[in-house]
Amino acid sequence: MPSTILIVDDDPHIRQLLVFAFGKAGLGTIEAADGEQALAEVERHAPDLVILDINMPRMDGLEVCRRLRAQNDVPIFFLSSRDDEIDRVLGIELGGDDYVVKPFSPREVVARSMAILRRTAARPPVVENVGVMRHGLLSLDTESWSAHWGMAEVGLTVTEFTILRTLLAMPSRIFSRDQIIDRFRGPGFALTDRTVDSHIRNLRRKFSDVGGIDLIETRAGIGYRLGACGGTDLTA
């Protein structure tokens, strides 16, 4: 079965352009003119990839991404009329897989979309309902996507939770930045070394507030691994 692409943009000309380009590549398409319609189409058709405009009225693409990521792991390719770094970083942190700025080449969008679909198909199957993972005072509930240090719940973004889950799954292993990126969304995902470092800093800051001062170890020149997670339980 050919893959199905959901194209979400309030500009009908852009939707028509991409529908034609994906059709030439042998891919099926669905269209949505706004964020609410996009969420409904994902629920109805379960597309293989969402092409998502950021700058839409009423519900922008970033909010659509937040809501999608709370429900499923469908790949998301952002379109934007602005080349602001904050848009790119925020889109990626929310769980986007790629980003292109308007005006764009339809052939490039198709090529990069095909690369995302290939990576998605090549991912190892995700083990569902793992339950609660523990190491020292750290615990992650993979069903509710919640994190705790002792009795204190720590609010994490999807990206932060996924990175921490990767480290917790193999607590004695040292992960390079590239290995964290590959594990996170598949090879070639649009995270960068600098972005990984930023997420690690955020994780350390959030957990240190509740006593988790030994959450993650840095191995200079190599990467990161999970710390002893003994720390202090400030809730005890």
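Here the structure is a predicted model, which means the values were calculated and not measured.

Quick look at the sheet that holds strand β3 (residues 49–53)
Working definition: the strands of a sheet are paired by backbone hydrogen bonds and lie parallel or antiparallel to each other.
Stage number 1. Pairing within the open sheet is parallel, and its 5 strands lie in the order β2-β1-β3-β4-β5. In this open sheet, the two edge strands, each paired with only one partner strand, are β2 (28–32) and β5 (98–101). Strand-to-strand twist in this sheet, taken as the mean axis angle between neighbours without regard to direction, amounts to 20 degrees.
Stage number 2. Relative to β2, strand β1 (residues 4–8) runs parallel, the two being bridged by 5 bridges. Paired with Leu6 across the bridge in β2 is Ile30.
Stage number 3. The strands touched by helix α3 (residues 61–69) within the sheet are β3 and β4 (76–80), with β4 carrying the most contacts at an inclination of about 170 degrees.

A closer look at the pairing of β1
Stage number 1. Buried residues dominate β1, accounting for 4 of its 5 residues.
Stage number 2. On the question of chirality, the crossover connecting β1 to the parallel β2 by way of helix α1 (residues 12–24) is right-handed.
Stage number 3. Summarising the sheet, β1 and β3 pair through 4 bridges and their orientation is parallel. Bridge assignment links Leu6 to a residue of β3, and that residue is Val50.

Structural notes on the packing of aromatic side chains
Stage number 1. Scanning all chains against the criterion turns up 2 aromatic pairs.
Stage number 2. Look at Trp145 and Phe161: their rings are 4.8 Å apart centre to centre, the planes differ by 35 degrees, and that puts the pair in the tilted class. One end of the pair, Trp145, is in the loop between β7 (138–141) and β8 (146–149); the other, Phe161, is in helix α6 (residues 158–169), with 16 residues separating them in the sequence.
Stage number 3. Judged by relative accessible area, which is 2%, Phe161 ranks as buried.

Structural notes on the pattern of salt bridges
Stage number 1. All told, the structure shown has 13 salt bridges when counted by the stated rule.
Stage number 2. Glu63 is paired through a salt bridge with Arg66; the nearest N and O atoms lie 3.3 Å apart. In this pair, Glu63 and Arg66 are both assigned in helix α3, 3 residues apart and thus about one turn of the helix distant.
Stage number 3. Exposure remark for Arg66: the relative accessible area of 39% places this residue in the partly exposed category.
Stage number 4. Taking the shortest distance from any N to any O, the salt bridge between Asp98 and Arg112 comes out at 2.7 Å. In this pair, Asp98 sits in strand β5 while Arg112 sits in helix α5 (residues 106–122), placing the two residues 14 residues apart along the sequence.
Stage number 5. Its relative accessible area of 24% is what places Arg112 among the partly exposed residues.

Remarks on the packing of helix α2 (residues 35–45) against α3
Stage number 1. In the contact formed by α2 and α3, the axes pass within 10 Å of each other and the chain directions differ by 25 degrees. Taken as axis vectors, α2 and α3 run roughly parallel relative to one another. Viewed along their axes, α2 and α3 form a crossing whose handedness is right-handed. Here α2 contributes Gly35, Ala38, Leu39 and Val42 to the contact with α3, which in turn contributes Val64, Arg67 and Leu68.
Stage number 2. Residue composition of the contact of α2 with α3, grouped by class: 5 nonpolar, 1 polar and 1 charged.

Topic: α1
Stage number 1. Helix length check: α1 (13 residues) gives 18 Å between terminal C-alpha atoms against 18 Å at 1.5 Å per residue, within 8%.
Stage number 2. Restricting attention to buried positions, one finds in α1 the residues Ile14, Arg15, Leu18, Ala21 and Phe22. End-on, the buried residues of α1 take up no more than an arc of 130 degrees, which puts them together on one face. Exposed side of α1, more than 90 degrees from the buried face: Pro12, His13, Gln16, Phe20 and Lys24 are the residues found there.
Stage number 3. Two or three places before His13, at the opening of α1, Asp11 has a side-chain oxygen 2.9 Å from that residue's backbone nitrogen.

Structural notes on the nonpolar core
Across soluble globular proteins, nonpolar side chains show a tendency to be buried alongside one another.
Stage number 1. Residues Leu138, Leu164, Phe207 and Leu215 are the most contacted members of the largest nonpolar core, which totals 26 residues.
Stage number 2. Looking at this core, the element that brings in the most residues is α6, giving 5 residues.
Stage number 3. Listed in part, the 21 residues of the second largest apolar core include Ala32, Ala38, Leu62 and Cys65.

Definitions and limits used
- Residues numbered from 1 in each chain as written.
- Predicted model: local features only at pLDDT ≥ 70, side-chain atom pairs only at ≥ 80, totals over all residues.
- Heavy atoms only, no water.
- Pairing = 2+ DSSP bridges.
- Helix = DSSP H or I, 4+ residues; strand = E, 2+ residues; numbered from the N terminus.
- Axes fitted to C-alpha atoms, helices over the stretch in contact; angles between N-to-C directions.
- Contact = heavy atoms within 4.5 Å.
- Buried < 20%, exposed > 50% of the residue type's maximum accessible area, 1.4 Å probe, protein only.
- Right-handed = clockwise from strand over helix to strand, strands pointing away.
- Phe/Tyr/Trp six-rings, centres within 6.5 Å; stacked < 30°, edge-to-face > 60°.
- Salt bridge = Lys/Arg side-chain N within 4 Å of Asp/Glu carboxyl O.
- Parallel < 35°, antiparallel > 145°, perpendicular 65-115°, else oblique.
- Left-handed = near helix turned anticlockwise from the far one by under 90°.
- Nonpolar A, V, L, I, M, F, W, Y, C, P; charged D, E, K, R; others polar.
- Expected span 1.5 Å × (residues − 1).
- Arc of directions from axis to C-beta.
- Polar contact = N/O pair within 3.5 Å; in protein donor to acceptor, adjacent residues only side chain to side chain.
- Core = buried A, V, L, I, M, F, W, Y, C linked by side-chain atoms within 4.5 Å.

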